[in-house]
Structure formats: structure tokens, C-alpha cells
2 protein chains.
Amino acid sequence: MLKEERHQFILNEVRIHNKVLLTDIADLLKVSVDTVRRDIKELHNSDQLKKVHGGAVSLGFNTYSPVGKKVYSLEKKSQIAEKAITLIKEGQVILLSGGTTNLELARRLPSKMQLTCFTPSLPIAVQLLTKSNVEVIFIGGRLSKDSQITVGGSAINMLSEIKVDICFLGTNSIHPVEGLTEFDWEIVQMKKAMIHSSRKVVSPCISEKIGSLQRYKICGADEVDVLITELEPWDIKLDAFKTMNLQLL
Amino acid sequence: MLKEERHQFILNEVRIHNKVLLTDIADLLKVSVDTVRRDIKELHNSDQLKKVHGGAVSLGFNTYSPVGKKVYSLEKKSQIAEKAITLIKEGQVILLSGGTTNLELARRLPSKMQLTCFTPSLPIAVQLLTKSNVEVIFIGGRLSKDSQITVGGSAINMLSEIKVDICFLGTNSIHPVEGLTEFDWEIVQMKKAMIHSSRKVVSPCISEKIGSLQRYKICGADEVDVLITELEPWDIKLDAFKTMNLQLL
DNA sequence: ATGAGTATTTCGATTTTTTGCAAGAACACT
DNA sequence: AGTGTTCTTGCAAAAAATCGAAATACTCAT
């Protein structure tokens, strides 16, 4: 029994069961628990599973949870959210795409503010339920499990029937020349429809995403009215956007 | 049972029910309350939920909860859910209304079963996201904060465009003469539309709701095809329904 | 083929973690 | 105020992790 064989076996077990017990593996493979422990430690160090007391669990064991999910760059996203909120006025109708930045925005919405809020994002809808003065309207449709937003014809259809004041379009990649891009075609369609349904398009975007590029194009950078980052508007990283017809915040 | 597993289980329960009781979890997991207490303390320290006296609640969530319902009737609802699942066949298209019993049903859906599932309920949609083989289609519309389901013209409109195999219609009150009733007018409209969109109407209902009555009528008891309770079909409490054209389960 | 050097595995002793239990304090509800 | 629950704290048993040493296997140059 080669070490590599054991590793594959363990990974396979983890894939199937989402968890393994040290003792089970030792039993099945007829080796000592020490060996299995060492194997699992190695796999843990190479990020192929997560070692826990008594065994190991699959890495993506809990990665679907809308709450509890670790939000990266939370600090930056909070700053962006705070800036974004200054754009919203009492009584307006807004549209929130998915994404953790927008989730942060939703969380920080003043609950005393009277608003109507459209969204195709499940986590954001859940969050908005806590805001008693916000009327939440969910864009229905087929739910994409990865992004936890609705997509597809029905959702786009519903979007085609509305015209909101501001759309906050969370974006994965923004590039001064290539504009906003995404890697998921269905989400691209959704975002295009969202832009079309809005008088004003605001793109909250953490600076590390600036200049990156994905497979499919949503729209040109000049179609965005306001670009919000955690940086100061005059930051050198934003130079490429300064000549454009968009507001930096 | 790994600690990690318990943690995931607890988080999942919190996500579904918005709250958990120490004793419930201890019971379900067959461990002592001390262990659960410790688990919840850890999850609390890592900001994954909020520890409260007697249990834990979801972060930032309006704890709308069936008021003062100390006994969560989890046991009964699980039984009903298990029975309900036997009615579902591979490949079918089903419609789930809101309610905690249906939530339990959604939770227990075998994840290997291929299904298409419509629902206007936010918590149920969240729960269904974890089922990789279930296609989830959310009925969009205005979100009612109390019931956490979508209501209103848009939702009813979307319902009018579908025809599903089975509808599981969670109900607050069922009465042999007066039929299914609700206290919220908008939800009544939704449920009427749901019945209309379904070939077969199944009503999961815990026995304590039998014979109760609310302000508005959804439909007659005979419009329900199957009534599922936690009781045996020949139980004396169900006598009033035995002469009707509906199946007891 | 041989033997030195290295890697892998096993074993035993010790330490750490986890878990359940119990007694008294703190808390919620009437 | 009284009465159940729930919390805290300390403790002990069991399970798991760690560490060092010894045994075994494997590599490779001679």
C-alpha cells in the first residue's frame, strides 16, 4: 500500500461522505491510526481537506450558507457599503444584485429609511427582511446554487417590467477598457437586464478587482454612472477611470 | 460524531429555523446539553450565531417565531415530512408553500432525488439550495415580512403560468366543514393560486391544527387530495374526514 | 550484492482535548 | 417570592494527539 494510494483513498472517502474518522480509515486500510493521522496532516497542509479532532472533513462542507459564510475583505466592503448608502434617498426604489458587498450594503441600510428594494439574491432578501421600513420585492426565477441569485428567462422577464431609481451592481471584474465582465453567462444576462431596468447604475467594487477580466462582457465602463471603491476618489489606482464620464466615490 | 459535524448541523438548524433550543439539539444529536452548550459557545465566539439563554439564534435576523411555542413539535413535523416524501417520485415538479412543516419536508428531501421545486418561501428556498439535484425556482414578488413568503399580483401571476404535479400546502387551520382557512388575506390569495396550479394538492398538517378555524377561507376540505398528519390514518381524530374524497396518510 | 543513508511505519508513554456529570448560582416566568 | 430551567464551574473518564525511539523498508552508489 503506497502512501499515494492511501491519500487518494482518503480523499475519495471525504468526497463521498464529507467526513472521515481516523479509526475507520485505519481499519479499512489495515494500517495504524498514526499513519492515517500523518496522511491527513499532509493532506491538510496541502489544502485538500480539513483536519479536525478525530478525523477530517471536506473543505466545501459548509460553503453554501448565506449567513455564517466568511466574507473576505469585510472591512473594505463595509467602507464601500457606507459610501453607497449616501447615494440612497428616502422613498426611492432600488435594485440590488448579488454579491457580498451588496449584502453588506443591505445589512447597513438604516432601518428607519423608507425604501422599495428589488433583488434576485436570496441572502440579500433574507437580510432585508430585518428592515421593517423596506419593502422587499424578490425577482423570481430559477435559483443558481453557486451565486444564490435567480437567473433565467423568468427573472429577466420580471426585470424588464420595472424601472428603478438606482441599481447597485456588484461586479467581479471591472476594467477601464473592457468594462464589466463576468465568468457566468447567465449572470451576465441578469446584470444586463438589471442595467436596462435602472436609471442610474452604481458599481460597488473593491479595488483588488479593478483591472481584472473575465470571459463575458456585461457592459462598458462608461455605462456605469458611479464607481465606488474603498479608496479615495483621487487614488492613483483609479486614474484610468478619471477621464471617463463616471463619478468616483 | 465529529465536533465539526455538530457545528454544521447546528448552523444548519439555525439557518432553517432562525433559532434553536439547546435541549432540542442535544436530543436530535444524542449528546448532552453540555456539549451542545460548548459547541454553541464556540460558534458564538466565531460570530456564526448568537448565543442566548436556552439556545441560539441566527445573526441579524428578525426572530419571527411561532410565539412562545416552547415545544417545537419537531418530532411530529418530522414524521409528517417523512410521510410526505413518499408521495414524491423522481423527476416530478412540486410546489412547496411556506410553513415550518414544509420546511421540515424540504430539509429531509433526499438530495440524490432529481426534482424541480417551485416555492414562494424564502426559508424553504434557502434550505433547498443545499440539495444539489433539486432545481429550485423561486416565485418572485413582494415579500411578506411575517410569513417570509412572496405575495401579491406578481407572485400570483407567476403561479398562473405553471402546472405542477404535487403541491404541498402547509396550512394553519383545517376544519372538516369549513375547509382550509387563513388569517392573512394575501396568503389566502397565494394559496388559492397554488391550488389552481397543481394537479394534486397535499396538505401536511399537525393534528393540533385540525378543527381550528380562521377568518378567510382558502378552499373546501374536499379540494385537498391527501391529508397528512402525524397520526395513524385510522385515528379517531380524523373521523370527520373519513367520509370525504381524500386520502389520509 | 552490499551497506550506508533515508524514508516510512509502528509502538509506548505522556499530554491535550473532548465529553458527561454534579452541585450550586443565576435566570425566567408566573 | 417560588419554582422550574438554564448556566457556570470543577472534575474525572475516555478518546485523540504528540513525541521520541525503535523497527522496517526502500534508494542508490559502490
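1. What about the interface of chain A and chain B?
Interface extent is often summarised as the accessible area lost during association of the parts. Listed as interface residues are 42 residues of chain A and, on the opposing side, 34 residues of chain B. When the two sides are added together, the surface that chain A and chain B hide from each other amounts to roughly 3,000 Å², 68% of it contributed by carbon and sulfur. Across the chain A-chain B interface, the total number found is four salt bridges. The closest approach of N and O atoms between A:Glu135 and B:Arg142, which form a salt bridge, is 3.8 Å. Counting the contacts that link chain A with chain B gives ten residue pairs in polar contact (both at pLDDT 80 or more). Elements represented by at least two residues in the side of chain A that touches chain B include exactly strand 1 (19–21), strand 2 (50–52), strand 3 (55–57), helix 6 (122–128), strand 6 (134–138), strand 7 (141–143) and helix 7 (153–160) of chain A.

2. Looking at the sheet that holds strand 2 (residues 50–52) of chain B
Residue and element names in this part refer to chain B. If you trace the three strands from one edge of the open sheet to the other, you get 1-3-2, paired in antiparallel fashion. Both edges of this open sheet fall to strand 1 (19–21) and strand 2, since each of them pairs with a single strand only. Taken pair by pair, the neighbouring strands of this sheet meet at an average axis angle of 20°, ignoring direction. The pairing of strand 2 with strand 3 (residues 55–57) spans three bridges and is classified as antiparallel. The partner of Lys51 across the bridge, within strand 3, is Ala56. Where helix 2 (residues 22–29) meets the sheet, it contacts strand 1 and strand 3, and its direction lies at approximately 70° from that of strand 1. Together, strand 1, strand 2 and strand 3 form the strand contacts of helix 3 (residues 33–45), whose direction differs from that of strand 2 by roughly 135°.

3. Looking at the domain arrangement of chain A
When its domains are assigned, chain A resolves into domain 1 (3–61) and domain 2 (74–248). Between the C-alpha centres of domain 1 of chain A and domain 2 of chain A the distance comes to 41 Å.

4. With respect to the side chain of B:Thr171
Residue and element names in this part refer to chain B. The residue Thr171 is located in the loop between strand 9 (164–168) and strand 10 (173–175) in this model. On the basis of relative accessibility, which here comes to 4%, the residue Thr171 falls in the buried class. Among residues more than four places away in sequence, those in contact with Thr171 are Leu180, Thr181, Lys191, Ser203, Pro204, Cys205 and Lys209.

5. Describing the nonpolar core
In this structure, A:Phe168 and B:Phe168 are the most contacted members of the largest nonpolar core, which totals 62 residues. Discounting chain neighbours no more than four positions away, the residues touching B:Phe168 are B:Ala84, B:Leu87, B:Ile88, B:Ile94, B:Leu95, B:Leu96, B:Ser97, B:Asn102, B:Leu105, B:Val202 and B:Pro204.

6. With respect to the protein's contact with DNA strand C
Taken together, 15 residues surround DNA strand C, and among them A:Arg6, A:Thr35, A:Arg38, B:Arg6 and B:Thr35 come closest. Considering the 4 Å shell around the protein, atoms of DNA strand C inside it are sugar or phosphate in 63% of instances. At a separation of 2.7 Å, a phosphate oxygen of DNA strand C approaches a polar side-chain atom of B:Arg6. Contact between DNA strand C and B:Ser32: a phosphate oxygen at 2.9 Å from a side-chain N or O atom of the residue.

7. Regarding the protein's contact with DNA strand D
Around DNA strand D sit 15 residues, and of these A:Leu22, A:Arg37, A:Gly54, B:Arg37 and B:Gly54 come closest. Per the 4 Å cut-off to the protein, sugar and phosphate atoms form 79% of the nearby atoms of DNA strand D. A:His53 is positioned with one of its side-chain polar atoms (N or O) 3.4 Å from a sugar or linking oxygen of DNA strand D. Here a phosphate oxygen of DNA strand D sits 2.4 Å away from a polar atom, N or O, in the main chain of B:Gly54. Among the secondary structure elements, those contributing two or more residues to the surface near DNA strand D are helix 3 (33–45) of chain A together with helix 2 and strand 2 of chain B. It is helix 3 of chain A that provides the largest number of residues to the surface near DNA strand D, a total of three residues. Taken together, the residues of the surface near DNA strand D break down into four nonpolar, six polar and five charged.

8. Description of the confidence of the model for chain A
Averaged over chain A, the pLDDT score is 87; the fraction of residues at 70 or greater is 94%. For residues 63–70 of chain A, every residue scores under 50 in pLDDT, and the model assigns this stretch 13 contacts once sequence neighbours within four places are set aside.

9. Observations regarding unusual backbone geometry
The backbone of A:Lys30 shows a phi angle near 55°, a positive value even though the residue is not glycine. Turning to its location among the elements, A:Lys30 is positioned in the loop between helix 2 (22–29) and helix 3.

10. Details of the pairing of strand 11 (residues 179–182) of chain B
Residue and element names in this part refer to chain B. The pairing of strand 10 with strand 11 spans three bridges and is classified as antiparallel. Across the sheet, the residue bridging to Ile174 is Leu180, located in strand 11. The loop that links strand 10 with its antiparallel partner strand 11 comprises three residues. Where strand 11 meets strand 13 (residues 216–219), three bridges bridge the pair, whose relative direction is antiparallel. Each bridged residue has a counterpart across the sheet, and for Glu182 the counterpart in strand 13 is Tyr216.

Thresholds applied
- Residues numbered from 1 in each chain as written.
- Chains lettered and ligands numbered in written order.
- Predicted model: local features only at pLDDT ≥ 70, side-chain atom pairs only at ≥ 80, totals over all residues.
- Heavy atoms only, no water.
- Contact = heavy atoms within 4.5 Å.
- Buried area = accessible area lost by both parts, 1.4 Å probe.
- Salt bridge = Lys/Arg side-chain N within 4 Å of Asp/Glu carboxyl O.
- Polar contact = N/O pair within 3.5 Å; in protein donor to acceptor, adjacent residues only side chain to side chain.
- Helix = DSSP H or I, 4+ residues; strand = E, 2+ residues; numbered from the N terminus.
- Pairing = 2+ DSSP bridges.
- Axes fitted to C-alpha atoms, helices over the stretch in contact; angles between N-to-C directions.
- Domains from an automatic or database assignment.
- Buried < 20%, exposed > 50% of the residue type's maximum accessible area, 1.4 Å probe, protein only.
- Core = buried A, V, L, I, M, F, W, Y, C linked by side-chain atoms within 4.5 Å.
- Near = heavy atom within 4 Å.
- Nonpolar A, V, L, I, M, F, W, Y, C, P; charged D, E, K, R; others polar.
- pLDDT = per-residue confidence, 0-100.

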